[in-house]
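What follows is each chain in one-letter form.
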2 protein chains.
Amino acid sequence: MTVIESGGDAIIIDTGIMFPANDMLGVDYIIPDFRYLLDRPDLKIHGILYTHGHEDHTGAVAHVVEALPSIPLYATPLTAALLEVKLRDARLINETQINVFKPGEDFDVGPFKIESFHVTHSIPDCVGFGINTPHGLVVHTGDYKFDNTPIDGKRTDYAKLAEFSRRGVLLLLGDSTNAERPGWTQSEQIVNVAFDNIFRQAAGRIIVATFASHIARVQQVADMARRYGRKLAIAGHSMTENVKTARRLGVLDIDDNILVDLNRISGVLPHQLVIMATGSQGEPSAVLGRLATGQHRSLDVTPGDTIVVSAHTIPGNEETVSRTINKLFQRGADVIYDPIAPVHVSGHACQEEMKLMMTLTNPKFFVPVHGELRHLRANSRLAVMMGIPQPNIAVVENGMVIEVDKHSIRVGERIPGGYVFVDGGGVGDIGRAVMRDREILARDGFIMVVANVEAETGRLIGDPEIISRGFVYLKDADRLMTSVKQTINDVLAGSRASRNGKRREMLQESLSRMLYNETKRRPMVFGVINEH
Amino acid sequence: MTVIESGGDAIIIDTGIMFPANDMLGVDYIIPDFRYLLDRPDLKIHGILYTHGHEDHTGAVAHVVEALPSIPLYATPLTAALLEVKLRDARLINETQINVFKPGEDFDVGPFKIESFHVTHSIPDCVGFGINTPHGLVVHTGDYKFDNTPIDGKRTDYAKLAEFSRRGVLLLLGDSTNAERPGWTQSEQIVNVAFDNIFRQAAGRIIVATFASHIARVQQVADMARRYGRKLAIAGHSMTENVKTARRLGVLDIDDNILVDLNRISGVLPHQLVIMATGSQGEPSAVLGRLATGQHRSLDVTPGDTIVVSAHTIPGNEETVSRTINKLFQRGADVIYDPIAPVHVSGHACQEEMKLMMTLTNPKFFVPVHGELRHLRANSRLAVMMGIPQPNIAVVENGMVIEVDKHSIRVGERIPGGYVFVDGGGVGDIGRAVMRDREILARDGFIMVVANVEAETGRLIGDPEIISRGFVYLKDADRLMTSVKQTINDVLAGSRASRNGKRREMLQESLSRMLYNETKRRPMVFGVINEH
């Protein structure tokens, strides 16, 4: 999410989500902290512009529209259709208006003249923006690569970028994802070569897993299906919906007679069938994950199947993807993935393409965007190599204001720009304290004892109740539970002073100490003492 | 851990540990399940042979020696020294005997004549074994690569491998780690070129992080320190100990005047200092992790520092490593890592080297070892490419018996061969149930209510006590806690039938339902009802 301000006017570019790291326990996803916008009633936000339809650029739209209704959205046809689904699901479709433009079209958003330009990426209808401001032209690349032979034949708009350069680019905001990778990202066409081999050789069914939004990959597989006389079935709700939307909008070209409903594949011979599926990140609830564990409603992996994992593994998902591949092997499938065969290429520019982008736009100032700090740094190193002076480059993380005018670029104040965790129905209510508790519980669980005692003497009435989860397997822990009861007895019997709080504290401390000595674990320990 | 049996005689090769995956909550490490050996009193185990000193080959030694005392160990000098430390720490040094051999030496272990051969890897003193059995010669590669210009000058013993081949190799057990990687692993020397650049250019301190056991890397950095007039300090307990051991054994050659104690580096100018440190995997408690978060006792990162992360990221650690790099950048350091510069190379063979190993040994039968199933499969594909017939290859996961004789190879019975989790003082007591509870607690925490009620009427006596962790931030959850109390009241007041179990079940169910409706989260819910 980027906000571009000039005087009292502003536009927003993209409203994405992040996926939680493995140690962000229980977090479903992360949205940007946009408090800054709520705290600026003086600011006139004229529109939200979308570069493309991926979750990390659109996923927070419902949260933003709910907080900032009536701000119009601007998107290309496919992106608009995907946004519409999200807003409908959140019952917010009537809170705003989606303005659709075609890649390459110009339009005004408040006082800003916007010039969109097509870029190649891994979903159709991707654009970057030229934004005309009183101080000069700002160019935002969006997510891009320079694929000269894209599947849909639509290349990045070199001419527009060169034209920007002729007019003078004040500031370039450039995608940094692959800034550590030398060379040039291979064309999507290389994947065709790999698929052609696979389709030629596979004797049984072929199952191809990729991102639900990877329309270009669906097109490639559909083309292969036609070439090799196979029917294509789609598995997975989101992919099914996306294919429907993309076909309706004409960005995906599949004949009706190629497609077969997933419920009717039993009528198709294995060597005449290819299935596209979700779950390329090893998500246990998506199609590939269910196939790996044998828990899919209608599909089974059988020996003879060829399964292609046709997607980049998002950092943090390496373990689950690897486990999924291993399990599919166990079920007798032949599994093909990068680097076994080039069945996927990145959607992002590598170093030489980033240099080309700087050459074409020739900006005065440069701000690397879209990536972790390490990627931003790597991109800024490229900019220096390209002759942009170090003082003309600003490397910042989320939440920093950058001030640019005709003559200079400065890093300004820090505004709220952290992560806002979404967990179930809660937005931003999970903070460090709750997360830390989850960490402790995840590591060693908890134990709780409830004891009834005589107020005066501290003598136990009846047996204390012991509840524990995630600590030890209670059924095998007889000896330990005896020690727990013994500790309770000892502590309470000795506690003549009947201040309940004190008794509880003593009990908890003694139990913690005893449990650590016995098990070398540190579960959370709670004691409840009812005095009678 | 591999067991080789012939008649009633057996030897064990390596006793390693695995590191837990991100979702193995609270697990410290994983040891092999060696119940099979305990259940076979008829089996005479003559020795445990070690290929090299890495944790994934030695880490479980104390567990094995404790369970199977008096079996002699066989190891090269450095490996033996590292094993000795582990056994001393576990107070088991007197339970067994460590026999030291030099790479290339032959020795008898029970009826087996063992021929050790040197291999290059990423720690000195690495070997593979030729094991002479009544059925023929079995060759175990250990972890290897063919580095023709290793730092210590000692190459893999091609001659021995060729001699094995001349005599005829029945079975090859081959390292599979990099079986998916084409080409040939680069020599450790390539790292010298990268380090030379870094040492030439760095204006301030240099900090190099790598594995504590990576003696070859320490040698390289020490050589650079000498070349560029820097002093070398070692940070991190395990690395300090390993350096001491390796120098004592003569496998690490560093002049005393190069070394400086970490406590005395304040007297050394920044551009005359290099520090080697642990923490290359982003472990929060190791040196690099502490530097990243500013929590090291005696060291601080300062602008002008050059920090080199000189290690492969173990799968599963990508996020923490990346976060560490980002934080070091934030602290003003320049951070250098692969792929920014080739500051690390793998210690394992790539595909062409695996093919070379098969060519040199020319085995009749082949079993890929050391890797996930995907890597074993990839290695077996290479073997087929090399002309080993598919029926002569057995691809199995841990816990499968393979039966080989002169004429055939068969996959036999499955024996206990799973993961045994070690958590604190507990070995194998954490099973699926406890892990599943930890998962639930990690995701949504728990809530517990303790209520005192009149036995007959179910009327609450006093306020119920509510304890919750990892669910919501209680201080901000007034409204929710009001609903909790209301639910308790409603359920108990309506519960005329005074069967406590029933009351508790109703209470827990109602609370779960209410909490899910309000928060879309599913914490564990516990109710304790004291009837009066």
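About the criteria used
Residues numbered from 1 in each chain as written. Chains lettered and ligands numbered in written order. Predicted model: local features only at pLDDT ≥ 70, side-chain atom pairs only at ≥ 80, totals over all residues. Heavy atoms only, no water. Helix = DSSP H or I, 4+ residues; strand = E, 2+ residues; numbered from the N terminus. Buried < 20%, exposed > 50% of the residue type's maximum accessible area, 1.4 Å probe, protein only. Contact = heavy atoms within 4.5 Å. Areas by Shrake-Rupley, 256 points an atom, 1.4 Å probe, with all protein chains shown as cover. Lys, Arg positive; Asp, Glu negative; His and termini not counted. Charge placed at Lys NZ, Arg CZ, Asp CG, Glu CD. Core = buried A, V, L, I, M, F, W, Y, C linked by side-chain atoms within 4.5 Å. Domains from an automatic or database assignment. Buried area = accessible area lost by both parts, 1.4 Å probe. Salt bridge = Lys/Arg side-chain N within 4 Å of Asp/Glu carboxyl O. Polar contact = N/O pair within 3.5 Å; in protein donor to acceptor, adjacent residues only side chain to side chain. Pairing = 2+ DSSP bridges. Axes fitted to C-alpha atoms, helices over the stretch in contact; angles between N-to-C directions. Expected span 1.5 Å × (residues − 1). Phe/Tyr/Trp six-rings, centres within 6.5 Å; stacked < 30°, edge-to-face > 60°. Lys NZ or Arg CZ within 6 Å of the ring centre and 35° of its normal. Right-handed = clockwise from strand over helix to strand, strands pointing away. Least-squares fit on C-alpha atoms with pLDDT ≥ 70 in both. Parallel < 35°, antiparallel > 145°, perpendicular 65-115°, else oblique. 1 Å grid on protein atoms, 1.4 Å probe; cavity = no way out; pocket = protein on both sides within 12 Å on 5 of 7 lines; lining within 4 Å. Points joined across faces, edges and corners; volume = space filled by probe spheres on them. Nonpolar A, V, L, I, M, F, W, Y, C, P; charged D, E, K, R; others polar. Left-handed = near helix turned anticlockwise from the far one by under 90°.

Undergrad: Got a sec to walk through the overall build of chain A? Specific residues and values, please.
TA: Helices and strands together make up the secondary structure of chain A, namely 15 helices and 24 strands. Counting only C-alpha atoms and orienting by the principal axes, one finds that chain A spans roughly 90 × 65 × 45 Å. Within the span of chain A, comprising 532 residues, buried residues form 55% of the whole. At a minimum sequence separation of 6, the contacts of chain A that also span at least 24 residues come to 72%. Put simply, chain A shows about 22,400 Å² of open surface, and 48% of that area lies on carbon and sulfur atoms. Looking at chain A, you have 57 positive and 64 negative side-chain charges, and the mean spots of the two groups are 3 Å apart.

Undergrad: Any chance you could break down the nonpolar core for me, citing the residues and the numbers?
TA: The biggest cluster of nonpolar side chains holds 57 residues, and the ones touching the most others in it are Phe-195, Ile-206, Val-208, Val-221, Leu-232, Val-274 and Met-276 of chain A. Among the elements that line this core, the one with the most residues is helix H7 (residues 215–227) of chain A, at six residues. In terms of domain composition, this core takes at least three residues from each of domain 1 (2–184 + 346–424) and domain 2 (189–337) of chain A. When sequence neighbours within four positions are dropped, the list of residues in contact with Leu-232 of chain A reads Val-221, Ala-222, Ile-254, Ile-258, Leu-259, Val-260, Val-274 and Met-276 of chain A. If you look at the next biggest cluster of nonpolar residues, it comprises 56 residues, including Phe-146, Phe-199, Val-243 and Met-358 of chain B.

Undergrad: I'd like a rundown of the interface of chain A and chain B, residues and numbers included.
TA: Every contact between the two is made by 64 residues of chain A and, on the other side, 64 residues of chain B. Interface area, chain A with chain B, both sides summed: about 5,400 Å², of which 53% is carbon and sulfur. When the buried area of chain A at its contact with chain B is split by residue, Glu-319, Arg-374 and Arg-521 of chain A rank highest and sum to 11% of it. Applying the counting criterion to the chain A and chain B interface returns 10 salt bridges. Note that Arg-521 of chain A and Asp-429 of chain B form a salt bridge whose closest N and O atoms lie 2.7 Å from each other. Put simply, chain A and chain B have 34 residue pairs in polar contact (both at pLDDT 80 or more) between them. At the level of elements, helix H10 (318–330), strand S16 (334–337), helix H12 (373–385), helix H13 (432–444), strand S22 (446–453), strand S23 (460–469), helix H15 (500–519) and strand S24 (524–531) of chain A are the ones that each hand at least two residues to the side of chain A that touches chain B.

Undergrad: Which residues make up the sheet that holds S16 of chain A, and what are the values?
TA: Residue and element names in this part refer to chain A. Strands sit in the order S13-S14-S12-S15-S16 across an open sheet of five strands; the sheet is parallel. Here the strands that pair on one side only, and so sit at the sheet edges, are strand S13 (231–235) and S16. Strand-to-strand twist of the sheet, defined as the mean angle between neighbouring strand axes without regard to direction, takes the value 20°. With four bridges connecting them, strand S15 (residues 306–309) and S16 associate as parallel partners. Opposite Thr-306, over in S16, you have Asp-334 as the bridge partner. Strand contacts of H7: strand S12 (206–209), S13 and strand S14 (273–277), with the helix running at about 175° to S14, the strand carrying the most contacts. Across the sheet, H10 touches S15 and S16, and the angle it forms with S16 is around 150°.

Undergrad: Just give me the short version of helix H13 (residues 432–444) of chain B, but keep the residues and values in it.
TA: Every α-helical turn comprises 3.6 residues, leaving residues that sit three or four positions apart pointing alike. Residue and element names in this part refer to chain B. An ideal rise of 1.5 Å per residue puts 18 Å on 13 residues; H13 measures up with 18 Å between its terminal C-alpha atoms. When we look at burial in H13, the residues that qualify are Val-434, Met-435, Asp-437, Arg-438, Leu-441, Ala-442 and Asp-444. After H13 finishes, the residue Gly-445 shows a positive phi value of roughly 70°.

Undergrad: Before we move on, could you go through the packing of aromatic side chains and cite the residues and values that matter?
TA: All names here are of chain A. Per the stated rule, a full pass over the model turns up 23 aromatic pairs over all chains. Between Phe-101 and Phe-107 the ring centres are 4.5 Å apart and the planes differ by 35°, which places this aromatic pair in the tilted class. Like Phe-101, the residue Phe-107 is buried in the burial classification. Across from the ring centre of Tyr-516, 3.9 Å away, lies the NZ or CZ of Arg-522, which sits over that ring.

Undergrad: Tell me about the side chain of Thr-245 of chain A, residues and numbers included.
TA: Residue and element names in this part refer to chain A. Mapped onto the elements, Thr-245 comes out in helix H8 (residues 237–248). Owing to a relative accessible area of 8%, Thr-245 belongs among the buried residues under this scheme. With residues up to four places along the chain from it excluded, the contact list for Thr-245 reads Leu-78 and Ala-81.

Undergrad: Pulling in residues and values, what's your account of the pairing of strand S14 (residues 273–277) of chain B?
TA: Residue and element names in this part refer to chain B. Extensive coverage of S14 is indicated by the burial of five of its five residues. Along S14, one buried face is formed by Leu-273, Ile-275 and Ala-277 and the opposite face, lined by Val-274 and Met-276, is buried too. Sheet topology note: the strand S12 (residues 206–209)/S14 ladder contains four bridges and is parallel. Paired with Ala-209 across the bridge in S14 is Ala-277. Bridging between strand S13 (residues 231–235) and S14 involves five bridges; their strand directions are parallel. Counted as the bridge partner of Lys-231 is Leu-273 from S14. Between S13 and its parallel partner S14, the chain crosses via helix H8 (residues 237–248), and the hand of that crossover is left-handed.

Undergrad: How would you explain the relation of the copies chain A and chain B if you had to name every residue and give the values?
TA: For the match of chain A to chain B, the screw axis carries a shift of 0.0 Å, the RMSD comes to 0.0 Å, and the turn is 180°. The two molecules are tied by a two-fold rotation axis, judged by turn and shift. Every residue of chain A has its C-alpha some distance from the rotation axis, and the shortest such distance is that of Ala-442 of chain A, at 2.4 Å. The residues that chain A uses at the interface reappear at the interface of chain B in 100% of cases, marking a shared surface.

Undergrad: I'd love a proper account of the packing of helix H5 (residues 158–167) of chain B against helix H11 (residues 351–361) of chain B, names of residues and values included.
TA: All names here are of chain B. Contact geometry for H5 and H11: axes closest at 7 Å, N-to-C directions at 50°. One way to sum up the angle between H5 and H11 is to call them oblique. Contacts from Tyr-158, Leu-161, Ala-162 and Ser-165 in H5 reach Leu-356, Met-357, Leu-360 and Thr-361 in H11.

Undergrad: Describe in detail empty space enclosed by the protein, supporting the description with residues and values.
TA: All names here are of chain A. Across all of its chains, the model carries three cavities of 30 Å³ or more by this definition. Roughly 40 Å³ of volume is contained in the largest cavity. Together, Tyr-144, Leu-172, Gly-174, Asp-175, Met-354, Met-357, Met-358, Phe-366 and Asn-379 line the largest cavity. Residue assignment for the lining of the largest cavity shows that the elements contributing at least two residues are strand S11 (169–175) and helix H11 (351–361). Each residue belonging to the lining of the largest cavity can be placed in one class, and the counts come to six nonpolar, two polar and one charged.

Undergrad: Quick one: what's the story with the domain arrangement of chain A, residue by residue and with numbers?
TA: Residues and elements named next belong to chain A. Parsing chain A into structural domains produces domain 1 (2–184 + 346–424), domain 2 (189–337) and domain 3 (432–531). Distance between the C-alpha centres of domain 1 and domain 2: 31 Å. Summed over both sides, the interface between domain 1 and domain 2 buries roughly 1,200 Å², with carbon and sulfur atoms accounting for 68% of that surface. Of all residues in domain 1, the largest losses of buried area upon contact with domain 2 belong to Leu-78, Pro-124 and Ile-151, amounting jointly to 39% of the total for that side. At the junction of domain 1 with domain 2, the criterion picks out four residue pairs in polar contact (both at pLDDT 80 or more). Residues of the side of domain 1 that touches domain 2, tallied by class, amount to eight nonpolar, four polar and two charged.

Undergrad: Give me the lowdown on the sheet that holds S23 of chain A, citing residues and values where you can.
TA: All names here are of chain A. On the basis of which strands lie adjacent, the open sheet formed by three strands has the order S23-S22-S24 and mixed pairing. Strands at the two margins of the open sheet, each flanked by one partner only, are S23 and S24. Within the sheet, the average angular offset between the axes of one strand and its neighbour, ignoring direction, is 15°. Note that S22 and S23 share seven bridges and pair antiparallel. Paired with Phe-446 across the two strands is Arg-469, which belongs to S23. Across the sheet, helix H14 (residues 478–493) is in contact with S22, S23 and S24; its angle to S23 comes to roughly 135°.

Undergrad: Which residues make up the packing of helix H4 (residues 77–89) of chain B against H8 of chain B, and what values go with them?
TA: Residues and elements named next belong to chain B. Interaxial distance between H4 and H8 falls to 10 Å at its minimum, and their mutual angle equals 140°. The angle between the axes of H4 and H8 places the two elements in the oblique class. Once H4 is placed against H8, the crossing between them reads as right-handed. Two secondary-structure elements touch here, H4 through Leu-78, Ala-81 and Leu-82 and H8 through Asn-242, Thr-245, Ala-246 and Arg-248. Tallied by class, residues from the contact of H4 with H8 come to four nonpolar, two polar and one charged.

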